[in-house]
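The residues making up each chain are set out below.
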Amino acid sequence: VNFCTYCIIPYARGPIRSLPADEAAAQAAKLAQEGYKELVLTGIEIASYGKDLPGGLTLADAVTTVTHAAPHARLRLGSLEPTVVTEDFCRAIAATGRVCDHFHLSLQSGCDRTLARMNRKYDTQQFSECAGRLRRYFPGCALTADLITGFPGETDADHAATLAFLRRCGFAAVHVFPYSRRPGTKADEMPEQLSHAVKSSRAHEAQQVADETKRAYQNAQIGATLSVLFETERDGAWIGHSTNYCLVSAVGENLHGVVRNVEITGVSGEMLVGNLV
């Protein structure tokens, strides 16, 4: 269990409560029978799945169980702690052939000094190794992350290290948040609290870098063929998410809830555009 110094959630939610594997399988089978084409395995901290259950079950076991119960649905994972992304984990989830090539990794900072003070259980080197494993087993996968800027005591050098790390990782998207104090947490009591202006300025700078890496990832999709689950229609085109969680637009007839391959021909704003294959 993680007790990060900035977070009140572990104190509010209580201990881990994992859904037993047979119940997860039953829910997945029911949803697939009802016609759902994509299932999301999520929770407050899915990396800790099974630690409260008998039998030594892990998140990889949950993935395997759900994909067996709903063999024709694709499976997307919620936020992952980097510590769970081991070689065995990557091998197991890749072997199912159903897991989407998009992984949201909980980063929070790209500076080792800040990560230690946040009480995160990895450093940037370990994070990079996790990213490398995922990219080996899921070539071209989208990696996204969360980032907190302006943590108490974060220096200009710490912030610069984080920006450099974002560029090295080449994230497909980053959710950037200025640090927000939470009474009852250790971070709230730390000295060297930064001003709102500094936190916001650093968040803006981090978002600019994130936007650059996102555009680079989107541009890299041009010429690729992506599997898209179409969801909504707008101005005569259908829009949906690819397995790597890009928003994709294509013209076709009544594609609601349909999975189709799309050859990507360009980028329009926040969206990829392409033609049905």
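Placed above this text is the structure.
Scoring rules and cut-offs
Residues numbered from 1 in each chain as written. Predicted model: local features only at pLDDT ≥ 70, side-chain atom pairs only at ≥ 80, totals over all residues. Heavy atoms only, no water. Pairing = 2+ DSSP bridges. Helix = DSSP H or I, 4+ residues; strand = E, 2+ residues; numbered from the N terminus. Axes fitted to C-alpha atoms, helices over the stretch in contact; angles between N-to-C directions. 1 Å grid on protein atoms, 1.4 Å probe; cavity = no way out; pocket = protein on both sides within 12 Å on 5 of 7 lines; lining within 4 Å. Points joined across faces, edges and corners; volume = space filled by probe spheres on them. Core = buried A, V, L, I, M, F, W, Y, C linked by side-chain atoms within 4.5 Å. Buried < 20%, exposed > 50% of the residue type's maximum accessible area, 1.4 Å probe, protein only. Contact = heavy atoms within 4.5 Å. Phe/Tyr/Trp six-rings, centres within 6.5 Å; stacked < 30°, edge-to-face > 60°. Salt bridge = Lys/Arg side-chain N within 4 Å of Asp/Glu carboxyl O. Expected span 1.5 Å × (residues − 1). Polar contact = N/O pair within 3.5 Å; in protein donor to acceptor, adjacent residues only side chain to side chain.

## Remarks on the sheet that holds strand E3 (residues 102-108)
At step 1: Strand order in the open sheet formed by three strands is E3-E4-E5, and the pairing between neighbours is parallel. The sheet is open, and its two borders are formed by E3 and strand E5 (173-178), each paired with just one other strand. Sheet twist, expressed as the mean angle between neighbouring strand axes with direction ignored, is 15 degrees.
At step 2: Here strand E4 (residues 142-149) pairs with E5 via six bridges, running parallel. Paired with Thr144 across the two strands is Ala173, which belongs to E5.

## What about empty space enclosed by the protein?
Empty space among the atoms can be located by rolling a probe the size of a water molecule over them.
At step 1: Considering all chains together, one arrives at one cavity of 30 Å³ or more under this definition.
At step 2: Considered as a void within the structure, the largest cavity measures approximately 30 Å³ in volume.
At step 3: Along the walls of the largest cavity sit Leu39, Val66, Thr67, Ala70, Ala73, Arg74 and Leu75, which together make up its complete lining.
At step 4: Among the secondary structure elements, those contributing two or more residues to the lining of the largest cavity are helix H3 (59-69) and strand E2 (74-77).

## Considering the nonpolar core
At step 1: One finds Leu77, Leu80, Phe103, Leu166 and Phe171 to be the most contacted residues of the largest nonpolar core, which totals 49 residues.
At step 2: At five residues, H3 tops the list of elements feeding residues into this core.
At step 3: Not counting residues within four places of it along the chain, the set of residues in contact with Leu166 comprises Leu107, Leu147, Phe171, Val174, Ala206, Val209 and Thr213.

## Let's talk about the packing of aromatic side chains
At step 1: Under the criterion given, the structure shown has five aromatic pairs.
At step 2: Judged by centre distance (6.2 Å) and plane angle (45 degrees), the ring pair of Tyr122 and Phe127 falls under tilted. For the pair Tyr122 and Phe127, one class covers both residues: buried.
At step 3: Between Phe151 and Tyr179, the ring centres sit 5.4 Å apart and the planes meet at 75 degrees, which makes this aromatic pair edge-to-face. Taken together, the residues span a long stretch of sequence, with Phe151 in the loop between E4 and helix H7 (156-169) and Tyr179 in the loop between E5 and helix H8 (196-220) at a distance of 28 residues. You'll find Phe151 and Tyr179 in the same group, each marked buried.
At step 4: Through successive ring pairs, a cluster of aromatic residues spans Tyr122, Phe127, Phe165 and Phe171.

## A word on the pattern of salt bridges
At step 1: Inspection of every chain in the model, using the stated rule, returns 13 salt bridges.
At step 2: The salt bridge involving Asp188 is made with Arg181; its shortest N-O contact spans 2.8 Å.
At step 3: Connected through salt bridges with shared partners, the residues Glu38, Arg74 and Arg76 form a single ionic network.

## Regarding unusual backbone geometry
At step 1: Positive phi, normally seen in glycine, also occurs at Asn119, with a value near 65 degrees.
At step 2: The residue Asn119 is located in the loop between helix H5 (112-118) and helix H6 (124-137) in this model.

## Looking at H6
At step 1: End to end, H6 covers 20 Å across 14 residues, agreeing with the expected 20 Å (1.5 Å per residue, within 8%).
At step 2: Three or more residues of H6 are buried, namely Thr124, Phe127, Cys130, Ala131, Arg133 and Leu134.
At step 3: On the buried face of H6, the contacting elements are helix H4 (87-96), E3, H5, E4 and H7.
At step 4: The N-capping residue of H6, defined by a side-chain oxygen 3.2 Å from the backbone nitrogen of Gln125, is Asp123.

Nothing here speaks to function; it is geometry throughout.
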